[in-house]
Amino acid sequence: MLLCFLLAVSAPVSVFASSFAGTSAGASSAGSSASSDSTSGDDKVVMAARSDAAGFVASDGRLRGAQLEAALRLLRERDVAARDASDLELAQAILAR
């Protein structure tokens, strides 16, 4: 279930927003690119946490890096299912991406 969530998190919003890219309204194009940028930023936070997640998993939770903490916080803010997952489960899901 967490892997499904992480895959959904990594799916770019631009796929959904691209249907609006062909409109003639400049505001629509600007709005869709702004959404894509924020999703890309979230993905970068999670992907940057991979090495911290690897250390966390390898040390049975004794090593906690700042990038992993940021990714865990982001994942839990974005999905209710992630709130119920342990830090170890989320770290393993980050590594499985």
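Residues numbered from 1 in each chain as written. Predicted model: local features only at pLDDT ≥ 70, side-chain atom pairs only at ≥ 80, totals over all residues. Heavy atoms only, no water.

**Describing the pattern of salt bridges**
The full count for this structure, using the stated rule, is four salt bridges. Between R78 and D42 there is a salt bridge, and its shortest N-O distance comes to 3.1 Å. One end of the pair, R78, is in helix α5 (residues 66–78); the other, D42, is in helix α3 (residues 26–48), with 36 residues separating them in the sequence. Overall, D42 belongs to the partly exposed group, its relative accessible area being 22%. Linking D87 and R76 is a salt bridge whose minimum nitrogen-to-oxygen distance equals 2.8 Å. Of this pair, D87 sits in helix α7 (residues 87–96) while R76 sits in helix α5, placing them eleven residues apart in sequence. Each of R64, E69, R76 and D87 takes part in a single network of salt bridges with overlapping partners. (Salt bridge = Lys/Arg side-chain N within 4 Å of Asp/Glu carboxyl O. Helix = DSSP H or I, 4+ residues; strand = E, 2+ residues; numbered from the N terminus. Buried < 20%, exposed > 50% of the residue type's maximum accessible area, 1.4 Å probe, protein only.)

**Quick word on unusual backbone geometry**
For residues besides glycine, phi is generally negative; the peptide bonds are generally trans as well. Even without a glycine there, the phi angle at D60 is positive, about 55 degrees. Of note, D60 is situated in the loop between α4 (50–58) and α5.

**Observations concerning the side chain of D52**
Inspection of the secondary structure puts D52 in helix α4. Although D52 is buried, it forms no salt bridge, and the closest oppositely charged side chain is R64 at an N-O distance of 9.7 Å. (Lys, Arg positive; Asp, Glu negative; His and termini not counted.)

**Some points on the confidence of the model for the protein**
The pLDDT averaged across the protein works out to 74; a share of 60% of its residues lies at or above 70. Helix α2 (residues 13–21) is the least confidently modelled element of the protein, averaging 32 in pLDDT, while α4 averages 98, the highest of any element. pLDDT under 50 marks residues 9–37. Its contacts with residues more than four places away, or in other chains, come to 18 contacts. (pLDDT = per-residue confidence, 0-100. Contact = heavy atoms within 4.5 Å.)

**Remarks on the packing of α5 against α7**
For the pair α5 and α7, interaxial distance at closest approach is 11 Å and the crossing angle is 100 degrees. With respect to α7, the axis of α5 lies roughly perpendicular. Residues L68, A71, L72, L75 and R76 of α5 form the contact with α7, whose own contacting residues are D87, L90, A91 and I94. Among the residues forming the contact of α5 with α7, the class breakdown is seven nonpolar, no polar and two charged. (Axes fitted to C-alpha atoms, helices over the stretch in contact; angles between N-to-C directions. Parallel < 35°, antiparallel > 145°, perpendicular 65-115°, else oblique. Nonpolar A, V, L, I, M, F, W, Y, C, P; charged D, E, K, R; others polar.)

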